[in-house]
Amino acid sequence: MRTARRPSCFFVPLFLLTLLVSCASKDDPGFTFAVVSDSHTGGTLETGKLVYKRLLEQINERRPDLLVHCGDWIVGPSYDRAGDATADTFLTYTAILDSAIAFYPVLGNHEGDYEDYTYSMDLYPDHFGSGGWYSFDHKRAHFFVIENNSDASDSTLRGYRTCRPNGGINTPGSPQRAWLDADLAGRPPDTRWTFGFGHRSYYGAEGYSGRKNVYEGRTGQDAICRVMEDAGVAVFFNGDQHCYTRSRAIRGGGPAQAGEPSTVYLTCGGAGGRINRGSKRKPPLAFPALHELPADTYETGFKDHYFFLLCRVTEDRFHADVIDTSGALLDSFTIKHPLAGR
Ligand SMILES: [Fe+2]
């Protein structure tokens, strides 16, 4: 995996970023998709709505084929300080998205806090009509969306306690796991890439109390992470933690050996919900919280910027740029397809 870490005060101008992308796409343009998470529209009037709006404007300028929102769209269906119903606000702002860009939602724990997801699922009946999970194919890439808030031992923590068991993604034989097993086995024969999306994190580095990683999903032959790694899922995108964390290529709870099937885990919670959580504590919570991660699994991250991801997929390469509200580049990396030539 080729990477470019984020220097502390280094930003690539927008015109240069565009030039780099266009050069890389000269022979095989592939396609692009964007990812956001944790917009929490209505949660904070000063940030949540305006950040989400600005990110959608940035995404519109780049015209990806689709946008995936990894959950915590809203705080709840209730009213915020401005007197706006936060679900209405979310839908109003999401309507800013160019109609040519397909929108795909993931269920976050805030969506699960109300009527066991029913309220939020009803906002997107085309996606959640048969459950909190679904998949689709786009140009030889397979995308699957899971609900992973409720099937974790810490789901009774404050903030998760009303996410009642939905599909049981980390439980072999459960309805959702059975669906995912069949979904991955039934991918079209010409599928080149597979990408997974959920809300809760497996390798996030925020370390915020009550927003822990789903530890039991990482290891064991039947763990959800192992299922994804064995299936060749190149990247799993999630939110929940309000930070950016990029793991190394992972297999079985640790860094993968060369040539092993592996997955990179990206925590993408930067679309408007409060960042820098824990910074006012004495002492402030440190970032990255490496004590919550297995050794040698953390690659890079930050929790002091709002951002979205722009991902370019070609036959042989997956490339992601992490971009802030001003268009500045915060991180980028490339994954070479296992079957790609030299
Ligand atoms: Fe959140």
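Just so we're clear, the structure is a prediction, and the values are computed from it rather than from any experiment.

**Things to note about the overall build of the chain**
Inference 1: A tally of regular secondary structure across the chain gives eight helices and 16 strands.
Inference 2: Put simply, of all contacts in the chain between residues at least 6 apart along the chain, 73% involve residues at least 24 apart.

**A short note on the sheet that holds strand E9 (residues 244-247)**
Picture the strands of a sheet paired through backbone hydrogen bonds; they go either parallel or antiparallel.
Inference 1: As summarised here, the arrangement of the seven strands in space is E5-E6-E7-E8-E12-E9-E13, forming an open sheet in which the pairing is mixed. Sheet topology places strand E5 (134-138) and strand E13 (298-302) at the edges, where each strand pairs with a single neighbour. The mean angle between the axes of side-by-side strands here comes to 15 degrees, regardless of whether they run parallel or antiparallel.
Inference 2: As paired elements, E5 and strand E6 (residues 141-145) share five bridges and run antiparallel to each other. Note that in E6 the partner of His138 across the bridge is Ala141.

**Description of the confidence of the model for the chain**
In regions of low pLDDT, the predicted coordinates are not meant to be interpreted in detail.
Inference 1: Looking at the chain as a whole, its pLDDT mean stands at 86, while 86% of the residues score no less than 70.
Inference 2: Confidence drops under a pLDDT of 50 for residues 2-25, and excluding neighbours within four residues, the segment shows 24 contacts in the predicted structure.

**What about the pairing of strand E16 (residues 329-336)?**
Inference 1: Most of E16 sits inside the fold, with six of its eight residues counted as buried.
Inference 2: Note: strand E15 (residues 317-324) against E16, seven bridges, orientation antiparallel. Across the sheet, residue Asp321 finds its bridge partner in E16, namely Ser332.
Inference 3: Between E15 and E16, which pair antiparallel and follow one another directly, the connecting turn spans four residues, one of which, Gly327, has a positive phi of 95 degrees.

**With respect to the environment of Tyr203**
Inference 1: Turning to its location among the elements, Tyr203 is positioned in the loop between strand E7 (193-197) and helix H8 (224-230).
Inference 2: Sequence spacing of Tyr203 and Tyr215 is 12 residues, and the spatial spacing of their C-alpha atoms is 8.6 Å.
Inference 3: Other than its neighbours up to four places away in sequence, Tyr203 contacts Asn213, Thr245, Ser247, Ile250, Tyr265, Leu293 and Thr297.

**Concerning the pairing of E9**
Inference 1: What you see with E9 is no split at all: Tyr244 and Arg246 on one side and Thr245 and Ser247 on the other are buried throughout.
Inference 2: As paired elements, E9 and strand E12 (residues 264-268) share three bridges and run antiparallel to each other. Of the residues in E12, the one forming a bridge with Arg246 is Leu266.
Inference 3: Direction of pairing for E9 relative to E13: antiparallel, over a ladder of four bridges. Of the residues in E13, the one forming a bridge with Ser247 is Tyr298.

**A few points about the environment of Asp28**
Inference 1: Examined against the element boundaries, Asp28 turns out to sit in the loop between helix H1 (14-24) and strand E2 (31-36).
Inference 2: Judged by the 12 C-beta atoms lying within 10 Å of it, Asp28 is exposed.
Inference 3: With 289 residues separating them in the primary sequence, Asp28 and Arg317 have C-alpha atoms 9.8 Å apart.

**Some words on unusual backbone geometry**
What is expected of a backbone is that most residues other than glycine have negative phi and most peptide bonds are trans.
Inference 1: Cis peptide bonds are those with omega within 30 degrees of zero, and the linkage from Lys282 to Pro283 qualifies with -5 degrees.
Inference 2: With respect to the helices and strands, Pro283 occurs in the loop between E12 and E13.
Inference 3: Note the cis peptide between Phe287 and Pro288, where omega equals -5 degrees.
Inference 4: Relative to the helices and strands, Pro288 resides in the loop between E12 and E13.
Inference 5: Phi angles above zero are rare outside glycine, and Arg63 is one such case at about 50 degrees.
Inference 6: Tracing the chain through its elements places Arg63 in the loop between helix H2 (48-62) and strand E3 (66-69).
Inference 7: With a phi close to 50 degrees, Lys139 is a non-glycine residue in the positive phi region.
Inference 8: Its location among the elements puts Lys139 in the loop between E5 and E6.

**Digging into helix H7 (residues 175-185)**
Inference 1: For H7, the complete set of buried residues consists of Gln176, Arg177, Leu180 and Leu184. Viewed end-on, H7 has its buried residues packed into an arc of 100 degrees, placing them on one side of the element. In H7, those exposed residues whose orientation departs by more than 90 degrees from the buried face are Ala182 and Ala185.
Inference 2: Tucked inside the fold, the buried residues of H7 contact E6.

**Points about helix H3 (residues 86-94)**
Inference 1: Among all positions of H3, only Thr86, Ala87, Thr89, Phe90 and Tyr93 are buried. Buried residues of H3, seen end-on, are gathered within an arc of 160 degrees and therefore sit on one face of the element.

What counts as what
Residues numbered from 1 in each chain as written. Predicted model: local features only at pLDDT ≥ 70, side-chain atom pairs only at ≥ 80, totals over all residues. Helix = DSSP H or I, 4+ residues; strand = E, 2+ residues; numbered from the N terminus. Contact = placed C-beta atoms within 7 Å. Pairing = 2+ DSSP bridges. Axes fitted to C-alpha atoms, helices over the stretch in contact; angles between N-to-C directions. pLDDT = per-residue confidence, 0-100. Buried ≥ 20, exposed ≤ 12 C-beta atoms within 10 Å, placed from the backbone. Arc of directions from axis to C-beta.

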